[in-house]
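Analysis of the macromolecular model
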Amino acid sequence: WAKDGGRHAASLYSADIDRWGTQRLKLRHEIRPAIELQQFVLHYQPQFRLKDNTIAGAEALVRWQHPKLGLLSPAAFLEIAEASPAINELGAWVFDEACRQLALWNQQGCNLVMSINVSARQLGNYSLPEMVASCVRKHGIDPGCIKIEITESMLSQDFSTAETVLLKLKELGFRIALDDFGTGYSNFTYLNRFPVTSLKIDRSFVQPITHDASALAMLNGIIGLAKSLKLSVICEGVETEPQRTMLRTTNCDLIQGYLTGRPVPPDEFFELFLPNRRQ
Ligand code: C2E
Ligand code: MG
Ligand code: MG
Ligand code: MG
């Protein structure tokens with residue numbers, strides 16, 4: 001019956017792929033209307049200064065409140081969105097919404113920097129600087145309060161466009177962070193070549209430091225290098241108190257992770273993390 005079982009398994013498998021394929025196709029066509037229908041929402045995760053535990057900013061993380069599938073995380077739809085021109089509209093919506101929220105919080109007496117992720121496709125688009133510049137103008141915020149997060153995989157794709165776009169963004173006064181550092185080739189030449197202002201070190205580099213001395217040595221080396229290039233350093237994926245304690249022995253500036261706060265909707269963020277705001 002092994003043969004039979006095998007065949008059965010195979011047909012199940014292809015049915016699954018088929019269902020997933022259909023699902024993807026459906027989702028892809030639903031993205032544009034979903035923007036109109038305001039089904040996308042942003043959750044915010046706090047970033048804290050390591051030296052005094054004060055809040056420095058937030059990262060905006062997109063979610064899709066899908067009417068049938070529930071709250072979808074980026075893993076469920078971002079790749080699909082990125083394969084379609086709709087990513088530009090979604091990206092523009094994310095930027096506008098995060099800026100609107102930042103303006104609101106900062107009017108309430110906060111002084112936060114908002115980190116916003118952009119996709120490879122956005123970074124390969126010469127109109128990105130114009131889009132984000134008009135967005136901050138519209139909301140009356142200083143570009144220095146916005147940190148645009150890019151990943152190194154984007155830089156290897158279309159080098160020259162990315163370089164032009166990033167230079168323009170920096171000229172306009174935006175901060176730029178290289179996100180997920182440590183997950184790809186971690187090419188140090190990117191740090192030098194591209195006009196980034198901070199380095200965001202991935203959790204795969206951060207989490208082992210409590211039990212692996214060479215991981216800590218590596219982290220210290222990376223931070224030292226970033227510091228010598230005058231970059232600010234943020235460690236992500238900080239989940240435990242021992243990890244934070246260990247990070248205090250390094251030159252890291254900011255931390256982000258489940259230990260200090262999960263991504264939450266804006267009203268919850270306000271309640272939980274913005275105690276010093278004016279009411
Ligand atoms: P990212 O930019 O590296 O964001 C950090 C991710 O790690 C988030 O996942 C966050 O929820 C998760 N995280 C935060 N702290 C911890 C922790 O302590 N432990 C663990 N295990 N995970 C933690 P999320 O929200 O699912 O986002 C996944 C990725 O999707 C993001 O990775 C980013 O690359 C992308 N993304 C999210 N929002 C946007 C967006 O608006 N535009 C674009 N282009 N990409 C986005
Ligand atoms: Mg990010
Ligand atoms: Mg990251
Ligand atoms: Mg990521």
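Residues numbered from 1 in each chain as written. Chains lettered and ligands numbered in written order. Predicted model: local features only at pLDDT ≥ 70, side-chain atom pairs only at ≥ 80, totals over all residues. Heavy atoms only, no water.

**Looking at the environment of Ile 55**
As a reminder, the rule being used: Each helix is a run of DSSP H or I of at least 4 residues and each strand a run of E of at least 2, with the numbering of both proceeding from the N terminus. Throughout, a residue-residue contact means that at least one pair of heavy atoms, one from each residue, lies within 4.5 Å.
Topologically, Ile 55 is positioned in strand S2 (residues 55-66). In contact with Ile 55, not counting residues within four places along its chain, are Pro 46, Gln 47, Phe 48, Arg 49, Leu 112, Phe 269, Phe 273 and Leu 274.

**Section: the side chain of Gln 45**
Heads up, the condition is: We call a residue buried when its accessible area falls under 20% of the maximum for its residue type, exposed when it is over 50%, and partly exposed in between, using a 1.4 Å probe and counting protein chains only. By the criterion applied in these results, polar contacts are pairs of N or O atoms within 3.5 Å in which, for protein atoms, one can donate a hydrogen and the other can accept it, and in which residues neighboring in sequence qualify only through two side-chain atoms.
Positionally, Gln 45 belongs in strand S1 (residues 40-49). Here Gln 45 falls in the buried class, since its relative accessible area comes to 7%. A distance of 2.9 Å separates the side chain of Gln 45 from the backbone oxygen of Gly 261, its partner in a polar contact. Setting aside residues no more than four positions away along its own chain, Gln 45 makes contact with Gly 57, Ala 58, Glu 59, Leu 61, Gln 256, Gly 257, Tyr 258, Gly 261, Arg 262, Pro 263 and Phe 269.

**Details of unusual backbone geometry**
Although it is not a glycine, Asp 180 adopts a positive phi angle of roughly 60 degrees. Checked against the element boundaries, Asp 180 lands in strand S6 (residues 175-181). For Lys 230, which is not a glycine, the phi torsion comes out positive at approximately 65 degrees. Relative to the assigned elements, Lys 230 resides in the loop between helix H10 (213-228) and strand S8 (232-236).

**Concerning the confidence of the model for the protein**
Basically, it comes down to this: Each residue gets a pLDDT score, which is the predictor's confidence in that residue and runs from 0 to 100.
Of all residues in the protein, 91% attain a pLDDT of 70 or more, and the chain-wide mean is 90. Throughout residues 1-7 the model reports pLDDT below 50, and contacts reaching past four residues in sequence, or to other chains, amount to zero contacts. On the interface metric, ipTM, the complex scores 0.98, and its pTM is 0.92.

**Re the coordination of the magnesium ion (ligand 2)**
Put simply, the test is: The donor set comprises N, O and S atoms within 2.8 Å of the metal, extended to 3.2 Å for Na, K and Ca; water molecules are omitted, so apparent gaps in a site may simply reflect that omission.
All of the protein donors around the magnesium ion (ligand 2) are Glu 59 (OE), Asn 117 (OD1), Glu 149 (OE) and Asp 179 (OD); their distances to the metal are 1.9 to 2.3 Å. Site description for the magnesium ion (ligand 2): donor spacing in sequence, E-x57-N-x31-E-x29-D. The metal-metal distance between the magnesium ion (ligand 2) and the magnesium ion (ligand 3) comes to 4.2 Å, with Asp 179 coordinating both. Residue Glu 59 is found in strand S2, and its partner Glu 149 is found in strand S5 (residues 146-151); the two are separated by 90 residues along the sequence. Both residues of the pair, Glu 59 and Glu 149, count as buried.

**Some details on the packing of helix H3 (residues 86-107) against helix H5 (residues 128-139)**
What describes two packed helices is the angle between their axes and the distance between those same axes. Formally: Note on geometry: axes are lines fitted to C-alpha atoms, helical ones only across the stretch in contact, with angles between N-to-C directions running from 0 to 180 degrees. What sets the label is the angle itself: under 35 degrees gives roughly parallel, over 145 gives roughly antiparallel, 65 to 115 gives roughly perpendicular, and the rest give oblique. The handedness criterion is simple: a crossing whose near helix is rotated anticlockwise from the far helix by less than a right angle is left-handed, and one whose near helix is rotated clockwise is right-handed.
Running from N to C, H3 and H5 cross one another at 30 degrees; their axes reach a closest spacing of 9 Å. Relative to H5, the element H3 lies roughly parallel. The handedness of the crossing between H3 and H5 is right-handed. Seen from H3, the contacting residues are Gly 91, Ala 92, Phe 95, Asp 96, Cys 99, Arg 100 and Ala 103; seen from H5, they are Met 131, Val 132, Cys 135, Val 136, Lys 138 and His 139.

**What to know about the site of ligand 1**
Defined as follows: By convention in these notes, a residue is near a molecule or strand provided one of its non-hydrogen atoms lies within 4 Å of it. Accessible areas in this description were obtained via Shrake-Rupley with a 1.4 Å probe; residue shielding takes into account the shown protein chains only. Polarity classes work like this: nonpolar for Ala, Val, Leu, Ile, Met, Phe, Trp, Tyr, Cys and Pro, charged for Asp, Glu, Lys and Arg, and polar for all others, with Gly in that last group.
Around ligand 1, 22 residues are found, and the nearest of them are Gln 45, Arg 63, Asp 179, Glu 239 and Tyr 258. At 2.5 Å from a nitrogen atom of ligand 1 is found a side-chain nitrogen or oxygen belonging to Glu 239. In the complex, 82% of the free accessible area of ligand 1, which totals 800 Å², lies under the protein chains. Within the residue set of the shell around ligand 1, elements represented by two or more residues are S2, helix H2 (74-82) and S6. Among the elements that take part in the shell around ligand 1, S2 stands out by supplying four residues, more than any other. Taken together, the residues that form the shell around ligand 1 break down as nine nonpolar, five polar and eight charged.

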